[in-house]
Amino acid sequence: RMRLTEEHPDAEICVNGGNGDTLFNRAYALNQAAKKAAGDVFVVMDSDTWTPPENIQEVVRAVRLGWVAWAKACQFTAYLAEDSSVDKVRSNDYGAPLVIRREDWKRVGGMDERFRGWGGEDVAFGATLRRLVGPGKVLLDTYSYHLWHGEKVEHAEDLEVKEVLAEEYRRLYR
């Protein structure tokens, strides 16, 4: 939080932990943070990812001025290994950081809290966002850096739920 406050001194930083469940629910945490936020533009960021502040500021400006409905602050995410070297690079389709107007977050209905654990909620949100709000923009040739934090633990029942939800979103947005 301190790093974000230093890098974005004019921003309101809304942090929300978990829902008291034994398994983290990112969708719930983001929905709660959105309820706390007072601004008209949201920057959805994860605490384990760093994006150059100038990328975020440029995208916030584009969304605020109405040049794009929503936007990503980077095209790629570099996943760091335990020794801080780049382990892999992936296209950043819907993950953080995402910049979106409050009204569009509400139009989409926030994140689907049925996704528990890690993954899936951002893809579902992105598909719904494209369908209800329209295409967004990605700043090309820029990176976010995802910190290493060990292996994530998934529970079998949560993986089954994610598969069912993923199929539901695929059917809705073909």
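Refer to the preceding data block for the structure.
Residues numbered from 1 in each chain as written. Predicted model: local features only at pLDDT ≥ 70, side-chain atom pairs only at ≥ 80, totals over all residues. Heavy atoms only, no water.

Draft legend 1. Examining the sheet that holds strand S8 (residues 143–146) more closely. Here four strands make up an open sheet; going across it, the order is S2-S8-S4-S5 and the pairing mixed. Both outer strands of the open sheet, strand S2 (49–50) and strand S5 (86–91), are each paired with one neighbouring strand and no more. Note that S2 and S8 share two bridges and pair antiparallel. What sits directly across from Thr49, in S8, is His146. (Pairing = 2+ DSSP bridges. Helix = DSSP H or I, 4+ residues; strand = E, 2+ residues; numbered from the N terminus.)

Draft legend 2. Up close: the sheet that holds strand S1 (residues 41–44). The four strands are arranged S1-S6-S3-S7 in an open sheet whose pairing can be described as mixed. Two strands lie at the open edges of the sheet, namely S1 and strand S7 (137–138), each paired on one side alone. Direction of pairing for strand S3 (residues 70–72) relative to S7: parallel, over a ladder of two bridges. Across the sheet, Lys72 pairs through a bridge with Val138, a residue of S7.

Read these as spatial facts, not as claims about activity.
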